Amino acid sequence: MKTLYASAAAVLLLSACADTVPVDEFQPDRSVAELDQVNSGPSLGASPAQTQVAQSDAASLNLSAVTTGDFGASIEPGRSCTFTSAPGELLLVAAAPLGVTSRPRAVVRLTSGIQRLDAMRDGGYNYLTEGPAFQNRDGLTITIVREDTPGAPVPVPAAGPADDDSDAETEEQAAQSWPATMTVITEGAEQEYPLGLYTCGA
């Protein structure tokens, strides 16, 4: 009886060896391939919860209107700039203290309240007119990209003494406006305000 079982096992082993193919020529059975496709499935993308979080972060950057009174300090005449959105809302007020090396400041209003920001470099009023960038300690960044047009040249400050303590800028300049885009950025979101108007010297 044991001999019969051994013979049957040998026959099965030989037939299995006969069906063996090299690894590089092996192709999976169709049912196996289909099963693998079903198990892996297509990419589902971000979950609804992740999408909602991203939308919520962007919504938190929606700006509300501000006034010059929100700036919280006196503004020297002719040394302020504002950004007005396409629908006509005043969304940013910025001003530079006297001095070509002074650092401008700005205010905006988020849903959480008034946010005060400092220019990312000094340069006084000249820096404001060029299209500035502002930031606060919470990581909120605001950039203004001005579009130059032939009808709205950059105001040119009058030359002054070379003394470091003096202000080489004029205090009174005609107001100038440029089409501009303002972008509000945090670590997790970004909100853009295109087709606005950036006005300086008012």
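Residues numbered from 1 in each chain as written. Predicted model: local features only at pLDDT ≥ 70, side-chain atom pairs only at ≥ 80, totals over all residues. Heavy atoms only, no water.

> Please set out the overall build of the protein residue by residue, giving values where relevant.
Scanning the protein from terminus to terminus reveals four helices and eight strands. Reading the protein from its N end, one meets helices and strands in the order α-α-α-β-β-β-β-α-β-β-β-β. The buried share of the protein, taken over its 202 residues, is 31%. By sequence separation, contacts in the protein at least 24 residues apart represent 55% of the contacts at least 6 residues apart. (Helix = DSSP H or I, 4+ residues; strand = E, 2+ residues; numbered from the N terminus. Buried < 20%, exposed > 50% of the residue type's maximum accessible area, 1.4 Å probe, protein only. Contact = heavy atoms within 4.5 Å.)

> I'd like a rundown of the packing of aromatic side chains, residues and numbers included.
Considering all chains together, one arrives at one aromatic pair under this definition. Centroid distance W178 to Y198: 6.4 Å. Interplanar angle 35°. Geometry classified as tilted. Placement of the pair is W178 in strand β7 (residues 176-185) and Y198 in strand β8 (residues 190-200), with a sequence separation of 20 residues. Summarising the burial analysis for this pair, W178 and Y198 share the class buried. Lying over the aromatic face of W178, R146 brings its terminal NZ or CZ to 4.4 Å of the ring centre. (Phe/Tyr/Trp six-rings, centres within 6.5 Å; stacked < 30°, edge-to-face > 60°. Lys NZ or Arg CZ within 6 Å of the ring centre and 35° of its normal.)

> If you had to explain the confidence of the model for the protein to someone new, which residues and values would you point to?
The pLDDT averaged across the protein works out to 75; a share of 58% of its residues lies at or above 70. The spread of mean pLDDT over the elements of the protein runs between helix α2 (residues 30-40), the lowest at 48, and strand β5 (residues 133-135), the highest at 98. Counting interchain partners and residues more than four positions distant, the pLDDT-below-50 stretch residues 30-36 has zero contacts. Here residues 150-168 is a poorly scored stretch, pLDDT under 50, and it has 27 contacts once near neighbours within four places are set aside; other chains count. (pLDDT = per-residue confidence, 0-100.)

> Lay out the sheet that holds β8 in plain terms, naming residues and giving numbers.
Spatially, eight strands are ordered β1-β2-β3-β4-β5-β6-β7-β8 in a closed barrel, and the strand pairing comes out antiparallel. Mean inter-strand twist for the sheet, computed between neighbouring axes without regard to direction, equals 30°. Relative to strand β2 (residues 90-95), strand β1 (residues 80-84) runs antiparallel, the two being bridged by five bridges. Bridge pairing in β2 links S80 to A95. (Pairing = 2+ DSSP bridges. Axes fitted to C-alpha atoms, helices over the stretch in contact; angles between N-to-C directions.)

> How would you explain unusual backbone geometry if you had to name every residue and give the values?
In this model, L195 sits at a positive phi of 60°, which is unusual for a non-glycine residue. On the secondary structure map, L195 appears in strand β8.

> So what about the nonpolar core? Which residues, and what values?
L63, F83, L92, L128, F134, M182 and Y198 are the most contacted members of the largest nonpolar core, which has 29 residues in total. Per-element tally for this core: the top contributor is β7, with four residues. (Core = buried A, V, L, I, M, F, W, Y, C linked by side-chain atoms within 4.5 Å.)

> Mind laying out the environment of A95, listing which residues take part and the relevant values?
Its location among the elements puts A95 in strand β2. Given a relative accessible area of 5%, A95 falls into the buried group. For A95 and S74, which are 21 residues apart along the polypeptide, the C-alpha to C-alpha distance reads 9.4 Å.

> How would you summarise the pairing of β7 if you had to cite specific residues and measurements?
When you tally the buried positions in β7, you get seven out of ten residues, the bulk of the element. Taken together, the six bridges between strand β6 (residues 141-146) and β7 define a ladder with antiparallel strand orientation. In the strand pairing of β7, I144 is matched with M182. Pairing of β7 with β8, which is carried by nine bridges, proceeds in the antiparallel orientation. In the strand pairing of β8, T183 is matched with E192. Hairpin connection between β7 and β8: a loop of four residues separates the two successive antiparallel strands.

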